Amino acid sequence: MMASESVAAPRARATWRDYLALTKPKVISLLLWTTVAAMFMAARGWPDLWLLLVVSVAGYASAGSAGVFNMIIDRDIDLKMARTAQRPTTSGLISIRDAAIFGATLQILSFVMLWIWATPLAAWMSLAGFITYVWVYTGLLKRNTWHNIVLGGAAGCFPPLVGWAAVTGDLNLFAWFLFAIIFFWTPVHFWALALMIKDEYREVGIPMLPVVHGDKLTVAQIGLYAIYTVVLSVMPVFFQEVGALYFLSALGLGGWLLVLSWRLYRHVMSGHKVERKVAVPLYLYSMLYLALLFVAGAVDRALLA
């Protein structure tokens, strides 16, 4: 497909809001939350405020850069999907050249900031997340296998490693537990959304799990990964990394995640089509679940300090 066929001619001068849209701020909010929460966990209380500011800005820049390059690579399929057709790269408002320069600048700025004012390990972890999202997920997996969100979803697991490494300069077992929790949480969150928009993915040839193997296998996988997530979330208690507050929070939050996953599973296995009233609650709660779980960890470790 010719570039002129996939990207419309520029219709106006881009503003800062259009460049901000390139960074996918809604997606970044949860990533940044887990980064900051991990800093509080690592510090067992308030981290240094300058470090907190640096990591927040650099973390946004790195994740934003990944979003920019994702839009560049996926501009052909974004143009065909209603919810993405008006993105700055697909509408032609921002040229591919300008978007690439903007994305590269953000990534370089992020790496330098973390290297100088945080730790080199934090800088490398941030870069690893960028590479995983842009090269592994968007470039290699997304269009080729339904395992795309499982393997490529590892990109979203790096933010807490960045936050932890920025404070401590290393990565201990608890930091990797945070990584693993997000890794197994991601399919639960994303497949709940994919079930609702599977027709759009089918039309553009993206082999998401509901498209390739249907709704029943998808809800079964969601339930399985929800169980993995809850089990992993309580394991740090047995390594004495967290205490009773976190343990009770993980059980309560995880219990409701399992309930919503079960409701979706039962609905689909009963022969009903996926309905927003059963898929949306799981999709939205999964975000709240992760945010509150990380808050519980931060508060608990501060109290145990």
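Before any of the text, the structure's been laid out above.
About the thresholds
Sequence positions are assigned chain by chain, starting from 1 and proceeding in written order. Local features in this predicted model are restricted to residues of pLDDT 70 or higher, and side-chain atom pairs are both shown and tallied only at a pLDDT of 80 or more, whereas totals for entire chains, interfaces and linings draw on every residue. The side-chain numbers reported here are obtained from all heavy atoms of the structure, hydrogens and water having been left aside. The salt bridge criterion pairs a side-chain nitrogen of Lys or Arg with a carboxyl oxygen of Asp or Glu, the two atoms within 4 Å. Helix numbers and strand numbers start at the N terminus; a helix is a DSSP run of H or I with at least 4 residues, a strand a run of E with at least 2. Exposed residues in this analysis have more than 50% of their type's maximum accessible area, buried residues have under 20%, and partly exposed residues fall in between, with area computed by a 1.4 Å probe over protein chains only. For our purposes a nonpolar core is just a set of buried Ala, Val, Leu, Ile, Met, Phe, Trp, Tyr and Cys residues, chained together by side-chain atoms within 4.5 Å.

**Details of the pattern of salt bridges**
Right, so step 1: Evaluated as defined, the whole model comprises nine salt bridges.
Right, so step 2: Among the ionic pairs, Lys 142 bridges to Asp 74, the shortest N-O distance being 2.6 Å. Residue Lys 142 is found in the loop between helix H8 (120-141) and helix H9 (148-151), and its partner Asp 74 is found in the loop between helix H4 (49-73) and helix H5 (75-78); the two are separated by 68 residues along the sequence. Here the two residues Lys 142 and Asp 74 agree in accessibility, since each one is buried.
Right, so step 3: Between Asp 76 and Arg 143 there is a salt bridge, and its shortest N-O distance comes to 2.8 Å. Pair noted here: Asp 76 is in helix H5 and Arg 143 is in the loop between H8 and H9, with a separation of 67 residues, a long-range link.
Right, so step 4: What you see here is one network of salt bridges that share partners, running through Asp 74, Asp 76, Lys 142 and Arg 143.

**As for the nonpolar core**
Right, so step 1: Residues Trp 191 and Leu 264 are the most contacted members of the largest nonpolar core, which totals 84 residues.
Right, so step 2: Broken down by element, the residue count for this core peaks at 17 residues, all from helix H11 (residues 173-196).
Right, so step 3: Core analysis: the second largest hydrophobic core is formed by ten residues, Val 68, Phe 69, Ile 72 and Phe 130 among them.

In short, shape yes, function no, at least from these values alone.
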